[in-house]
Amino acid sequence: QVQLVESGGGLVQAGGSLRLSCAASGRTFSNYPMAWFRQAPGKEREYVSAIRSDGVVTNYADSVKDRFTISRDNAKNTVYLQMNSLESEDTAVYYCAAGQRQFPLRTRAIDYDYWGQGTQVTVSS
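## Overview of the nonpolar core
And step 1. The biggest cluster of nonpolar side chains holds 37 residues, and the ones touching the most others in it are Leu4, Met34, Trp36, Leu81, Met83 and Tyr94.
And step 2. Top element by residues in this core is strand 9 (residues 92–99). It accounts for 5 residues.

## Thoughts on the pattern of salt bridges
And step 1. In this structure the tally under the stated criterion is 7 salt bridges.
And step 2. The salt bridge partner of Arg67 is Glu87, with a shortest N-O separation of 3.9 Å. Placement of the pair is Arg67 in the loop between strand 6 (58–60) and strand 7 (68–73) and Glu87 in the loop between strand 8 (78–83) and strand 9, with a sequence separation of 20 residues.
And step 3. The salt bridge involving Asp90 is made with Arg67; its shortest N-O contact spans 2.8 Å. Here Asp90, found in the loop between strand 8 and strand 9, pairs with Arg67, found in the loop between strand 6 and strand 7; they are 23 residues apart in sequence, far enough to count as distant. Across the pair, exposure class does not vary: Asp90 and Arg67 are buried alike.

## Topic: the state of the cysteines
And step 1. The tally for this structure, following the rule as stated, stands at 1 disulfide.
And step 2. Disulfide pairing is shown between Cys22 and Cys96; the S-S distance is 1.9 Å. Of note, the bridge from Cys22 to Cys96 carries an S-S torsion of about 45° and is right-handed in sense. Linking Cys22 in strand 3 (residues 18–26) with Cys96 in strand 9, this pair joins segments that are 74 residues apart in sequence.

## Regarding the packing of aromatic side chains
And step 1. Counted according to the given criterion, the structure contains 5 aromatic pairs.
And step 2. Each ring, one from Tyr95 and one from Trp115, has its centre 6.5 Å from the other, and the planes form 75°; the classification is edge-to-face. Linking Tyr95 in strand 9 with Trp115 in strand 10 (residues 112–115), this pair joins segments that are 20 residues apart in sequence.
And step 3. In this structure Trp115 comes out as partly exposed when scored by relative accessible area, which is 26%.
And step 4. Taken together, the aromatic side chains of Phe37, Tyr47, Tyr95, Tyr112 and Trp115 make up a single cluster linked through ring pairs.
And step 5. Here the basic side chain of Arg45 rests over the ring of Trp115, its NZ or CZ set 4.8 Å away from the ring centre.
And step 6. The ring of Phe29 is capped by Arg72, whose NZ or CZ atom sits 4.4 Å from the centre of that ring.

About the criteria used
Numbers given for residues are sequential positions, taken from 1 along each chain in its written order. Per-residue local features are limited, in this predicted model, to residues with pLDDT of at least 70; the limit for side-chain atom pairs, both in listing and counting, is 80 or more; totals at the level of whole chains, interfaces and linings are taken over all residues. Neither water nor hydrogens contribute to the side-chain values; these are computed over all heavy atoms in the structure. Throughout this description, the term nonpolar core refers to a set of buried Ala, Val, Leu, Ile, Met, Phe, Trp, Tyr and Cys residues connected via side-chain atoms within 4.5 Å. Only protein chains enter the calculation, and the probe is 1.4 Å; a residue is then buried if its accessible area is under 20% of its type maximum, exposed if over 50%, and partly exposed in between. What counts as a helix is a DSSP run of H or I of at least four residues, what counts as a strand is a run of E of at least two, and both are numbered from the N terminus. Whenever Lys or Arg places a side-chain nitrogen within 4 Å of a carboxyl oxygen from Asp or Glu, that contact is recorded as a salt bridge. The disulfide criterion used throughout: a pair of cysteine sulfur atoms within 2.5 Å. Any two rings among Phe, Tyr and Trp, with Trp reduced to its six-membered ring, count as a pair given centres within 6.5 Å; such a pair is stacked if its planes are under 30 degrees apart, edge-to-face if over 60, and tilted if neither. The criterion for a charge sitting over a ring is simple: Lys NZ or Arg CZ within 6 Å of the ring centre, and within 35 degrees of the ring normal.

Structural data, given as C-alpha cells:
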C-alpha cells in the first residue's frame, strides 16, 4: 500500500503560480511512477502529467505543456507540480497517483493504483 497526501492548492489569480506537493508513505516511493490528474465539476478526471520513478522521463497533457512542471524528490518521498501562467480552465481538484507501469508512462487513470484525496485549485479570472 502507498498512502498519498496532496497539499499546496488554493485560490490564485489568472496568470499566477502554485506549487502542489504530494507526500507518499508506505512502500518504496522510488519504485513508483507518479502522476497528476485533475477533475473539474461536472467533468471526467483528466490526465495532467506523469514522471518516471527515476525522475528522468516526464510527460504532459497538451493543455498544460510549457506551463506546468512535474518533478520528484525520492529522498523526501514527494512529487511536485509547479503550475505557472494559470488559467481559469485549470480550476479543478488535483489528485496525485502512483502506478506500476512506466515504459511508457501511462496517461489513463485506470493505470494508477493509489490515489490521494485531492487538493482544490481555483483560478480567478
